[in-house]
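Chain by chain, the residues:
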Amino acid sequence: MKQIYVIISLFLMVELQACMDEPDLRSDTPRGNFNALWEIIDTRYCYLSYKQINWDSVYTEYSHKIDTVSSNFSLFDVMGKMLATLKDGHVNLYSSFDRSRYWNWYTDYPSNFNSEVLFKPHYLGADYRIAGSLRYKKIANGKVGYIYYGSFSDSFSNENINQIFNSFSSCLGIIVDVRNNGGGMLSYAEQLASYFFDKKTLTGYLSHKTGTGHSDFSTPTPLYIEPNDKVKWNKKVMILTNRMSYSATNGFVNIMKYAPNSTIIGDQTGGGGGLPFSSELPNGWMVRFSSSPMYDADMQNIEWGIKPDIQVNMNAEAEARGYDTIIERAIGEIFK
């Protein structure tokens, strides 16, 4: 797909720029590593202005703690807490003994997913089929096709999708469930979305850092999805989402906003709209951070997630009886 090549080219441009603009690394001391980390984020992280983060104030808050660290563990913890102020699931500090993480982007919200319910007989059950990395089965008395896809790190082919669509040919519509899909390869997200479009469609924009300033970005590059020329689904498709629909899944849901016959049902996605890149500190620890922001077709930032067309939460009483209210609402929309 042409779109994939555009993004790969932009990746290479950003990596080249990153090599050119790599901040001067300080000495391999607690203070030197702290300063190097702060400067990498200050010059290369893409959401400081958008999130209205005063990074100088963050430096002041955490800098005095560096003089009291007594081990690599305590140094790691201070630096990890500093990174947590970015509120970004794509930001991590890696060492040989730990990985910092920010999980509040989904832990502060209802899970809206229960895998035990998903495998009840009236949904996937135990006799579902697997094509590539997608689990699928007819539900609702054979009137609805249901697909669960758990990770955009797992591959599938046109033939896999063609077989699934053929098995659902008598269905009124299908459900594509990407709840708890934490992301993976954006190319897989684009490939899956391509089966639901009938013409080339603008779905968003991508920028990358061009300088060390917080607002130094390239002119946004338009992103298009092109329809798959071999496999296509023209009936209704319901996309099920929750807060753990993140990163590449967030990108997939953004693309599917513009697909004909598509409805997004469930909870707002978790976000993760920035393409992540990595840099090394003097002591060998690695920091991953969002470097290139992505937008929807209206130039709205998708970092904080995408709202569904129909907001539905899991109902505890129905869940206790083995039913998923989000799936049930999707079935109802297909029958309309």
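An account of the accompanying structure is given in this report. (Residues numbered from 1 in each chain as written. Predicted model: local features only at pLDDT ≥ 70, side-chain atom pairs only at ≥ 80, totals over all residues. Heavy atoms only, no water.)

## Observations regarding the nonpolar core
Counting 41 residues, the largest nonpolar core has V176, F196 and F252 as the members making the most contacts within it. In terms of residue count, helix 9 (residues 248–256) provides more of this core than any other element does, five residues in total. Those residues in contact with V176 that lie beyond four places of it in its chain are I147, L192, F196, V237, M238, I239, L240 and F252. Formed by 29 residues, the second largest nonpolar core is a distinct cluster that contains A36, W38, L86 and L281. (Core = buried A, V, L, I, M, F, W, Y, C linked by side-chain atoms within 4.5 Å. Buried < 20%, exposed > 50% of the residue type's maximum accessible area, 1.4 Å probe, protein only. Helix = DSSP H or I, 4+ residues; strand = E, 2+ residues; numbered from the N terminus. Contact = heavy atoms within 4.5 Å.)

## Side note on the layout of surface pockets
A water-sized probe, rolled over the atoms, reveals where empty space remains. When its volume is computed, the second largest pocket comes out at roughly 210 Å³. Around the second largest pocket, the lining comprises 15 residues; the ones closest to its centre are G89, W103, W105, Y246 and R288. Going through the elements one at a time, strand 1 (92–94) and helix 5 (104–107) are the ones with two or more residues in the lining of the second largest pocket. Taken together, the residues of the lining of the second largest pocket sort by class into seven nonpolar, five polar and three charged. (1 Å grid on protein atoms, 1.4 Å probe; cavity = no way out; pocket = protein on both sides within 12 Å on 5 of 7 lines; lining within 4 Å. Points joined across faces, edges and corners; volume = space filled by probe spheres on them. Nonpolar A, V, L, I, M, F, W, Y, C, P; charged D, E, K, R; others polar.)

## A short note on the pattern of salt bridges
Pairing between side chains of opposite charge can happen when the charged atoms of each approach one another. Taken as a whole and judged by the stated rule, the model has 10 salt bridges. Two residues, R179 and D177, come together in a salt bridge whose shortest N-O distance is 2.7 Å. One continuous salt-bridge network, built from bridges that share partners, spans K51, D88 and E303. (Salt bridge = Lys/Arg side-chain N within 4 Å of Asp/Glu carboxyl O.)

## Remarks on helix 8 (residues 186–194)
Summarising burial for helix 8: seven of the nine residues are buried, a large majority. Listed in full, the buried residues belonging to helix 8 are L186, A189, E190, Q191, L192, A193 and S194.

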